[in-house]
Structure formats: structure tokens, C-alpha cells
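# Fold and contact review
In case you want the letters, here they are:
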Amino acid sequence: MNLFIIFISAAVVNNFVLAYFLGICPFVGVSNKTSSAVSMGMATTFVLVVTAIVSYFIYAFILVPFHLEFLQIPSFILVIASLVQFVEMVIKKVSQPLYRALGIYLPLITTNCAILGLALFISMREYNLLESVVFGFGAGVGFTLALSLMAGIREELELADVPKGFQGAPITLIVAGILAMAFMGFAGII
Amino acid sequence: MKKQVSLTKEFVKGIWEINPTFKQLLGFCPTLAVTVSAMNGIAMALATTFVLIFSSLIISIVRKLIPDQVRIATYIVIIASFVTIVDLVMKAKFPELSKSLGPFIPLIVVNCVILGRAEAFASKNNPLRSFLDALGNGLGILLVLTVLGGIREILGSRMIFGVTILPQAFEPWIIMILPAGAFITLGLLLGFSNTYTERKKRLEREELLQKYRPAKSVNEIKEGGAA
């Protein structure tokens, strides 16, 4: 039950994008087309889950036993950077079509603050391994959900008559605000 | 051509001309998340500026020693070290502020403004210029975060810097201190800033057109202006 609450909380109630403001850059940058939004979301979900596992082990078995908690920022960011590189290499080797579909988005995941945010949340809230994985997966689902919703809306916005100065990022942010308001409705679930 | 840019210009451009938030559209995450109050905004901006200045300075000093292939990783390690310093100092000296900013101090590491300035400016320019550029960009961030935090704090809780300034009769707009308010306020600010820039550009273009192309007839000016 507890796991279920963690999942729902990360996916919709405390959505990473719309409530914690993590991962706004890809949210504004990649949400032009639904198809690329979904691939970006899936790639990010994958990296989030792997990061959750790896950062849990690093924190619990290296940083805490040796009293090195103050090194968590550099160690997490280095792990994430090498992880993304590694994932990129594996995907390239295993599945060429998937690699081509994800393209430039894979390396960009390193600078997505949702990933580092996740690692920091896990160490801050002292989740165990299973909770970390569920939390990472929930966050990924929430990110994909927000990104694809936004992409759907932006495809419709193409046809709307937006004032010139408000085209692009400004209108996206305002729409995101309205989406965030809608997501507040989920707060009653837990 | 780069050398001809004056030092003052290098400093001033970051505040408005290439303002990190309004013009480069970078670093939205902390901008939106911490601006519940003007004070939080200022604290975040100062922390970011500190990291920005020192990482730019160091990167600019060692820029010729770093092999090209590993430069991004090197930048991130340098940035992460300064972020750790800020994080620890804030935890020790301002525990409350550090708590209210939450994970966003450590998240300065992945703030794209810092990596962006490192890659676009500090890796190509000398330390003095990089320092001025970082200072200017930092002030640009400070400007945006203070304005955004101020607007949200005034409308959301009737106060600014903890002083009540709006009368009791004004019902606080709770939405402003919720996430939705952050998105909408920044969206509007960005939109107005874009509209202003567009308008200024259009006026300048029309002025140039009139100045350099002697008018043959009134119609031609109208056509030129409309194009």
C-alpha cells in the first residue's frame, strides 16, 4: 500500500514537472510533437529508474558507511553523466532503430534536473531499494504524462491566434500553469 | 571582433540584452520553484551568481589545459565543487533559508545557465572578461528572480520582505504561491518582454528605413513600414 502511495504521489499528485518544477527545460523544449515527447518521456523514465537503483546503492553502501555524505552532489552528477553515456552505448549496440528514434534526446538527459532531483530526494527521504525504484518509475510516468499532455495541447495551439510576443515559450508556460492547476485536483487522492 | 567589445559592455549585456531567463530561456526550473517570496528569490540568485562567477573564473583559467573531449565533464565537476561549498555554507549559516530552498541549492549543478555560460563564454575568453560576463548574467538572474518573487509574494500573501503592504480588504490570491501561479506569472512576464523587444525592433527598423531610403512617394514609406 505504501508503495502504491509513493507511485501515485510521484506520478500525479506531486508531479515532477508541474508541482516540483523539475525538468522544465525538456518540457518547454521537446514538447512540440507528441511522438518526440513520448520517446523523450520513455528515455527519461528508463534513466530515472536506473538512477534510482544506482544512487540508492551509492548512498547507502559508499557515502553513508564512509561518512562522505557531503560528496553526494559531485558523486551523483558524475554517476548520472556516466550512466547516460553507458545507456546510450548499450542502446546503440542493442537496438539501432530505438537509438535513432531517441537521437539527441539521450545525451540531453544528463542536464535534466529531474534526474539529479530524484537522486537527492531518495537520499533525503531515506527510501529503501524497492521504494526508490517505485519512486523513480512513478516520477518517470508523471514526466511522460506531463510532456505528452503538453505536446498534445501545443499541436492544437499551432492553429490558435496567439499574440506575436507570446508565441513559443511564454504561451507554453501559461498553458503549463493551467495544467498545473488541473493537476492540483489530484491532491485529494492521498 | 570579440576583442573590440568593451569590458563594460561585457558586464552590462547579461542584465538585459542576453538576460539568462528572458532572452536565453535558460534555468527555468529554479526560477519557477523558489520564487514563492522575493527573499527566497534573492537568496537563490545570490547562490547561483556565486557559483556562476567562480566556475566561470576557474574554467576560464584552465581552459587551455582541458582536452576538448572531456570538457563538459570537467566543467560539471568544477561547478559541482562550488555548489557543494554553497550548500554546506548555507546549511551551517542559514539553516532556515536552506530548508525553504530545499533540493534547489544542490540542483544549481544542472542549472543550464552555468553550463551554458561556461561553454559559450568562459571556455573562449580570458578570466577578466569571463568574470564580468558571469557577474552580469548573475545580476540578470537576480533581477528576474526578485521581480518574479516580489509579484508572487505581494499578490499571494499581501506582503513583501515580510512587511504587509496591501490592505486587509485585498483577498490574497492563493494561486500565486502555488506552482500554477509561478508558471502563469513567468509566462506573462516573458510575453511582455518579448512584445517590448519586438516593438522596439520594429520601430528601429522603420526609423532606419526612413533615414537611408529617401522617400519617393508617401506610398513607398507605408509599404516599407508594413513589410
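Residues numbered from 1 in each chain as written. Chains lettered and ligands numbered in written order. Predicted model: local features only at pLDDT ≥ 70, side-chain atom pairs only at ≥ 80, totals over all residues.

## Some details on the overall build of chain B
The line we're drawing: Under the scheme used here, helices are H or I runs from DSSP no shorter than 4 residues and strands are E runs no shorter than 2 residues, and both carry numbers assigned from the N terminus. We call a residue exposed when 12 or fewer other C-beta atoms sit within 10 Å of its C-beta, buried when the count reaches 20 or more, and partly exposed for counts in between; the C-beta positions come from the backbone. Any two residues are considered in contact once their C-beta atoms, placed from the backbone, lie within 7 Å.
Of regular secondary structure, chain B possesses nine helices and two strands. Traced from its N-terminal end to its C-terminal end, chain B shows the element sequence α-α-α-α-α-α-α-β-β-α-α. Taken along its principal axes, the extent of the C-alpha atoms in chain B is 70 × 60 × 25 Å. For chain B, with 227 residues in total, the buried portion stands at 41%. The contacts of chain B with a sequence gap of at least 6 include a subset with a gap of at least 24, amounting to 73%.

## Quick look at the overall build of chain A
We count it as follows: Computation of the radius of gyration draws on C-alpha atoms alone. For the globule rule, the value is 2.2 Å times the number of residues to the power 0.38.
Helices and strands together make up the secondary structure of chain A, namely nine helices and zero strands. Along the chain direction, N to C, the helices and strands of chain A fall in the order α-α-α-α-α-α-α-α-α. Since a compact globule built from 190 residues should have a radius of gyration of about 16 Å, the 17 Å found for chain A is in line with a globular shape. Taken across its 190 residues, chain A has 46% of its residues classed as buried. Across chain A, contacts joining residues at least 24 apart in sequence account for 81% of those joining residues at least 6 apart.

## Structural notes on unusual backbone geometry
Residues and elements named next belong to chain A. With phi around 55°, Phe 21 is a residue other than glycine that occupies positive phi space. Inspection of the secondary structure puts Phe 21 in the loop between helix 1 (2-13) and helix 2 (24-29). In this model, Glu 126 sits at a positive phi of 55°, which is unusual for a non-glycine residue. Position of Glu 126 relative to the elements: it lies in the loop between helix 7 (113-125) and helix 8 (129-157).

## Details of the interface of chain B and chain A
Convention followed: Only Asp, Glu, Lys and Arg are considered charged, only Ala, Val, Leu, Ile, Met, Phe, Trp, Tyr, Cys and Pro nonpolar, and every remaining residue, Gly among them, polar.
If you look at the interface, chain B gives 34 residues, while chain A gives 33 residues. Of all the elements, helix 8 (residues 179-212) of chain B adds the most residues to the side of chain B that touches chain A, at twelve residues. The class makeup of the residues in the side of chain B that touches chain A is 26 nonpolar, six polar and two charged.

## Examining the packing of helix 3 (residues 38-61) of chain B against helix 6 (residues 112-122) of chain B
Residues and elements named next belong to chain B. Heads up, the rule is: Orientation is described by lines fitted to C-alpha atoms, with helices fitted over the stretch in contact, and by angles between N-to-C directions that extend from 0 to 180 degrees. When describing relative orientation, an angle under 35 degrees is termed roughly parallel and one over 145 degrees roughly antiparallel, while 65 to 115 degrees is termed roughly perpendicular and anything else oblique. It is the rotation of the near helix from the far one that decides the hand of a crossing: anticlockwise by less than a right angle makes it left-handed, clockwise makes it right-handed.
Interhelical geometry of helix 3 versus helix 6 gives an angle of 30° and a closest axis separation of 10 Å. The angle between the axes of helix 3 and helix 6 places the two elements in the roughly parallel class. Crossing of helix 3 against helix 6: the hand is right-handed. The residues of helix 6 that touch helix 3, namely those facing Val 51, Leu 52, Ser 55, Ser 56, Ile 59 and Ser 60, are Val 113, Ile 114, Arg 117, Ala 118 and Ala 122. Residues of the contact of helix 3 with helix 6, tallied by class, amount to seven nonpolar, three polar and one charged.

## Description of the nonpolar core
What counts here: A set of buried residues drawn from Ala, Val, Leu, Ile, Met, Phe, Trp, Tyr and Cys, joined through C-beta atoms within 7 Å, is what defines a nonpolar core.
One finds Leu116(A), Ile79(B), Val109(B) and Phe183(B) to be the most contacted residues of the largest nonpolar core, which totals 113 residues. In terms of residues, this core owes the most to one element, helix 8 of chain A, which gives eleven residues. Excluding residues that lie within four positions of it along the chain, Val109(B) makes contacts with Ile73(A), Ile77(A), Leu116(A), Ile76(B), Ile79(B), Ala80(B) and Val83(B).

## Some remarks on the environment of Glu10(B)
Within the secondary structure, Glu10(B) is located in helix 1 (residues 7-12). Residues Glu10(B) and Leu132(B), spaced 122 residues apart in sequence, show a C-alpha to C-alpha distance of 6.2 Å.

## Brief notes about the packing of helix 3 (residues 34-63) of chain A against helix 4 (residues 72-94) of chain A
Residue and element names in this part refer to chain A. With their axes 10 Å apart at the nearest point, helix 3 and helix 4 run at an angle of 140° to one another. By the criterion of interaxial angle, the relationship of helix 3 to helix 4 is oblique. Note on packing geometry: the crossing formed by helix 3 with helix 4 is right-handed. Every residue of helix 4 that contacts helix 3 at Phe 46, Val 47, Val 50, Thr 51, Val 54, Ser 55, Ile 58, Tyr 59 and Leu 63 is listed here: Gln 72, Ser 75, Phe 76, Val 79, Ile 80, Leu 83, Val 84 and Val 87. Here the residues of the contact of helix 3 with helix 4 are counted per class, giving 13 nonpolar, four polar and no charged.

## Some remarks on the environment of Val50(A)
Residue and element names in this part refer to chain A. As for its position among the elements, Val 50 is in helix 3. Judged by the 19 C-beta atoms lying within 10 Å of it, Val 50 falls in the partly exposed class. Sequence separation of Val 50 and Phe 137 is 87 residues, and the distance between their C-alpha atoms is 9.3 Å. In this structure, Val 50 is in contact with Leu 83 and Val 87, ignoring residues within four places of it in sequence.

## Points about the confidence of the model for chain A
Applicable threshold: Per-residue confidence from the predictor is given as pLDDT, running between 0 and 100.
Summing up the model confidence of chain A, the mean pLDDT is 85 and the portion of residues at 70 or higher is 96%. Taking the mean pLDDT of every element in chain A, the minimum, 72, falls on helix 6 (residues 105-108) of chain A and the maximum, 91, on helix 8 of chain A.

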